[in-house]
Amino acid sequence: MTPEAMLAALDPEQREAAAAVTGPVCVLAGAGTGKTRTITHRAAFAVRSGAVPPTALLAVTFTARAAGEMRTRLRQLGAEGVQARTFHAAAMRQLAYFWPKAVGGAPPALLTNKFQLVANAAARARLRPGTSEIRDLLSEIEWATCTLTGPEAYVAAAAGRTPPFPAADVAAVYAAYRDLKTAQGVADFDDMLMYTAGILEEHAEVAEEFRARYRSFVVDEYQDVTPLQQRLLDAWLGGRDDLCVVGDVQQTIYSFTGATPSFLLGFRTRYPTATVVRLVRDYRSTPQVVDLANGVLASVPDKLELRAQRPAGPAPSFQEHDDEAAEAVAVARRCKELVAAGVPAGEIAILYRINAQSAAYEAALSNADVPYVIRGGERFFDRPEVREALLLLRGQARAVDDLPASLPDAVASVLAVRGWTPAAPSSSGAVRERWESLSALHRLAVDHAGEMDLPAFVAELEERAVAQHAPSVDGVTLASLHAAKGLEWDAVFLVGLVDGTLPLIHADTPEQVEEERRLLYVGITRAREHLSLSWALARSPGGRASRRPSRFLDGLLRGVVSKAAAPRPARTSRGSVPVICRICGAVLNAAVDKKLGRCATCPSDRDEALYDALRSWRAERAKLLGQPAYCVFTDATLAAIAEQKPASVAALVQIPGIGQAKLDKFGEDVLTLVSGS
Ligand code: ATP
Ligand code: MG
């Protein structure tokens, strides 16, 4: 392809960005409008027209897969030699080269077990965190590192966050973690970025050598860049401005890691001479898919509305199922039909909110003989935590002596050894996914309670593990919505779309809920032609149909009437309306459910630090009053407070067990504890 033909394959706006080969260039555009295509063609055009030598160009993409795809596309366009990498991969390579020159010796080894080191750091800081708290500490440290917040600045920066311990304690763990890494000569992934940036900033001769080689930089998915990645990018540039960034604010889905679209939005201010291009033509999806994508963002101000370019296709389908297994079976059946109708399996994707949701689809696809591949996560039974748990369960099944009587209890006690707790950790990301994997095993035990003992359950798990080893070539893609970013398929199934899963129950603030909405937008816009959205009213067969479709689909169901319970009505005072589960919206009847403000079977979002603080406070008060602790508040009431975090007297008295007398005696203390949590 000639350089001219490369530009001719673009539309006028895309061409404007691609023809500006020396930057600064910023492309702000919605999903499927050709951002990635534009930067690939721009790089190829720059190289083939002789404007930039291939070895002087570095393209940064979000995932290793995207980087691989970009290298392939560049090769096809005749631009071999251009580097396309993730920030981490680029930094690791550069560090291996520059560390010996700048510091001497070999660069620090990659730290593989962050968790253990954070546990050690917590012990140094005289904390005794549980497993889920160590994970929350780790997430907090990662967030701080990615936002360039050092231990000394952490306390001030943590205002508005919900760390697992008081901010000063987290800062102490963070500092101890850093010291331990230095003492052991190891570095985590984020440190690799920091070290590379630091060397370029402080060692002029290294920076000179680097900048003599690399002149031109391209960043895809720039809306999800972290301040740490931006710092590395700045160090690469060293004041130069040959930078081309592309992104879509409406696809910001990694804020929880510290990523922010502010660099994308502030590009023009930073580079007043920049070529800024907006793209609105959606080349990927049918008008039907594009319509739905626009509909999901209808309430969002200042968004770029997509304009479909492709011919019409089938309307998106909305499917309500009785339970999750039925949903998975129906989706697998539909995949099989599509394959029979000529859609290659590799052009089909099933996307979900959290990786633990994949298990049901892995099983259903295996049973339907449809090949599949997992993206952005291993198969359920290959996950390290699941393999470890299976090993322990197998061992425990042989020690037949003192097993707890019920299967769920027996399984729970084994999972507890691996750090599993019935309450979900408050953090998201890997921590949450690990917890979800183990919870999926526990739920399976609950499903088989009464019909199996532990050895039979272990045999069942082993059978499942074997059955799911389906061939993984050209298969249906199973991926989380996060891992699907930037990718596209002919047919996309968005599954498990219930409130509590999307938005995820942990999305507390309006900003977090909006990020969940964007995840749905990302999911919808992956589809070229066939799009199916589905949910299940109950988790297990015969279970209570207590769920409702994702609130993001309100008004978009196009004639499909959900049998779900009505959305949660506004509560004025207790008794005037039924008490409703705040997670799934079901009407609550059982006393314990009412106290929790949710079905006992719905996932808990308890603030463990607050719960511990409440328990310590109760012990003190009980001692002072000379009464047993439960006379102050029962465990269930404390648990309800730690979950519902009432911010006012009005909210506090909504919790059953807190009448006028208790309110008078303890209300103020409780509200103070909650507000400080
Ligand atoms: P996302 O926001 O999801 O990352 P994107 O803006 O990067 O999307 P691309 O993946 O580059 O979009 O393009 C989407 C699809 O549209 C691709 O299949 C691409 O080949 C096609 N496409 C983009 N621009 C054009 C064009 N000018 N002519 C024909 N097809 C195009
Ligand atoms: Mg893209």
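Here the structure is shown first, and the text comes after it.
Throughout, a residue's number is its position along its own chain's written sequence, starting from 1. Lettering for chains starts from A, numbering for ligands starts from 1, and both go in the order in which the items are written. Two thresholds apply to this predicted model, a pLDDT of at least 70 for residue-level local features and 80 or more for giving and counting side-chain atom pairs, whereas whole-chain, interface and lining totals are computed over all residues. To obtain the side-chain values, all non-hydrogen atoms of the structure were used and water was disregarded.

Caption draft 1: Geometry of empty space enclosed by the protein. A cavity here means a set of points on a 1 Å grid, drawn over the protein atoms and nothing else, where a 1.4 Å probe fits but cannot get out; a pocket is an open set with protein on both sides within 12 Å along at least five of seven lines, and a residue lines either one if it has an atom within 4 Å of a point. Grid points are joined across faces, edges and corners, and a volume is the space filled by probe spheres set on the points. If you walk through the whole model with that rule in mind, you get 4 cavities of 30 Å³ or more. Put simply, the largest cavity is a space of about 70 Å³. Elements are defined by DSSP. Helices are runs of H or I of four residues or more, strands are runs of E of two residues or more, and each kind is numbered from the N terminus. Going through the elements one at a time, α7 (131–146) and α20 (430–447) are the ones with two or more residues in the lining of the largest cavity. Element by element, the count of residues in the lining of the largest cavity is highest for α20, at 4 residues. Nonpolar residues are Ala, Val, Leu, Ile, Met, Phe, Trp, Tyr, Cys and Pro. Charged residues are Asp, Glu, Lys and Arg, and all others, Gly as well, are polar. Its residues placed into classes, the lining of the largest cavity shows 5 nonpolar, 2 polar and 3 charged.

Caption draft 2: Fine view of the packing of aromatic side chains. Two rings from Phe, Tyr or Trp (for Trp, the six-membered ring) form a pair when their centres are within 6.5 Å of each other. A pair whose planes differ by under 30 degrees is stacked, one over 60 is edge-to-face, and the rest are tilted. Under the counting rule described, the total for this entry stands at 15 aromatic pairs. When the ring of W99 is compared with that of Y195, the centres are 5.4 Å apart and the planes differ by 75°; the resulting orientation is edge-to-face. One end of the pair, W99, is in helix α5 (residues 87–102); the other, Y195, is in helix α10 (residues 189–202), with 96 residues separating them in the sequence. Between F210 and F217, the aromatic rings sit 6.4 Å apart at their centres with planes inclined by 15°, giving stacked as the arrangement. For F210, a relative accessible area of 1% gives the class buried. Burial classes: relative accessible area under 20% of the type maximum marks a residue as buried, over 50% as exposed, and values in between as partly exposed (1.4 Å probe, protein chains only). Classification of F217 as buried rests on a relative accessible area of 0%. Among the aromatic residues, those joined into a cluster by ring pairs are F87, Y97, F98, F210, Y214, F217 and W236.

Caption draft 3: Expanded view of the pattern of salt bridges. Between Lys or Arg on one side and Asp or Glu on the other, a salt bridge is scored when a side-chain nitrogen of the former is within 4 Å of a carboxyl oxygen of the latter. Tallied over the entire structure, the rule returns 31 salt bridges. Where K181 meets D191, a salt bridge forms, and the shortest distance between an N and an O atom there is 2.9 Å. Here K181, found in helix α9 (residues 167–184), pairs with D191, found in helix α10; they are 10 residues apart in sequence, far enough to count as distant. The residues K181 and D191 share a single accessibility class, namely buried. Residue R270 is joined to D234 by a salt bridge in which the shortest nitrogen-to-oxygen separation is 2.8 Å. Of this pair, R270 sits in helix α14 (residues 267–270) while D234 is found in helix α12 (residues 227–237), placing the two residues 36 residues apart along the sequence.

Caption draft 4: The arrangement of the packing of α7 against α9 in detail. Interaxial distance between α7 and α9 falls to 10 Å at its minimum, and their mutual angle equals 75°. Between α7 and α9, the interaxial angle falls into the category roughly perpendicular. Of the residues in α9, those in contact with L137, E140, I141, A144 and T145 of α7 are V170, V173, Y174 and Y177. Residue composition of the contact of α7 with α9, grouped by class: 7 nonpolar, 1 polar and 1 charged. Lines are fitted to the C-alpha atoms to define the axes, a helix being fitted only along its stretch in contact, and any angle between axes, read from their N-to-C directions, falls within 0 to 180 degrees. In what follows, roughly perpendicular refers to angles from 65 to 115 degrees, roughly parallel to angles under 35, roughly antiparallel to angles over 145, and oblique to any angle outside these ranges. Here, two residues are considered to be in contact whenever any of their heavy atoms come within 4.5 Å of each other.

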